[in-house]
Amino acid sequence: MKTFMVALLMMSSLAQAVSLQNKDNKSYDIKVKGSSTMSTSISSGTTKSSICSSSCTIEVEGVGSIEASGSDRVVIKDGKLSK
């Protein structure tokens, strides 16, 4: 039962995590600003799951920034950000 509860808790936290999908044909450098700031990149045609677990600002170099929270899915497409 304890293992089940831990698994359930982990799944619910993943369900409430922001993801970032890059539908463009180029890579981007990104900064994720929440309780701390993380710099990384995202390759063409990939998705970064659980990029932040609560609310954050995702800044994509050369594209702009967007606020995201909960289970939002942020998409980079045609050089623009959307949810």
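Everything below is about the structure shown above.
Residues numbered from 1 in each chain as written. Predicted model: local features only at pLDDT ≥ 70, side-chain atom pairs only at ≥ 80, totals over all residues. Heavy atoms only, no water.

**Digging into the pattern of salt bridges**
Evaluation of the coordinates by the stated rule reveals two salt bridges. Among the ionic pairs, Lys 33 bridges to Glu 59, the shortest N-O distance being 3.0 Å. Highlighted residues: Lys 33 in strand β2 (residues 28-33) and Glu 59 in strand β5 (residues 56-60), separated in sequence by 26 residues. What makes Lys 33 partly exposed here is its relative accessible area of 35%. Glu 59 gets classed as partly exposed once you look at its relative accessible area, which sits at 31%. Of the charged contacts, one joins Asp 72 and Lys 83 as a salt bridge, the two residues approaching to 3.6 Å between their closest N and O atoms. (Salt bridge = Lys/Arg side-chain N within 4 Å of Asp/Glu carboxyl O. Helix = DSSP H or I, 4+ residues; strand = E, 2+ residues; numbered from the N terminus. Buried < 20%, exposed > 50% of the residue type's maximum accessible area, 1.4 Å probe, protein only.)

**A closer look at the nonpolar core**
Within the largest apolar cluster, 16 residues are counted, with the highest numbers of intra-cluster contacts made by Val 18, Leu 20, Ile 51, Ile 58, Val 60, Val 74 and Ile 76. Sorting the residues of this core by element identifies β1 (18-22), β2, β4 (47-52), β5, β6 (64-68) and β7 (73-77) as the ones contributing at least two each. (Core = buried A, V, L, I, M, F, W, Y, C linked by side-chain atoms within 4.5 Å.)

**Digging into the sheet that holds β7**
Pairing between sheet strands relies on hydrogen bonds along the backbone, with the strands arranged either parallel or antiparallel. Judged by pairing direction, the sheet is mixed, and its four strands sit side by side in the order β4-β1-β7-β8 without closing on themselves. Of all strands in the sheet, those bounded by a partner on one side alone are β4 and β8 (80-82). When strand polarity is set aside, the average angle formed by the axes of neighbouring strands in this sheet is 20 degrees. In the sheet, β7 pairs with β8 via three bridges, with the strands oriented antiparallel. Bridging from a neighbouring strand, Val 75 pairs with Ser 82 of β8. (Pairing = 2+ DSSP bridges. Axes fitted to C-alpha atoms, helices over the stretch in contact; angles between N-to-C directions.)

**Points about the state of the cysteines**
Taken as a whole, this structure holds one disulfide when the rule is applied. Across the disulfide, Cys 52 is cross-linked to Cys 56 (sulfur-sulfur distance 2.1 Å). Residues Cys 52 and Cys 56 are joined by a disulfide whose S-S torsion is about -65 degrees; by sign, that bridge is left-handed. Both residues of the pair, Cys 52 and Cys 56, belong to the buried class. (Disulfide = S-S within 2.5 Å.)

So far we have only geometry, and geometry alone does not tell us how the molecule works.
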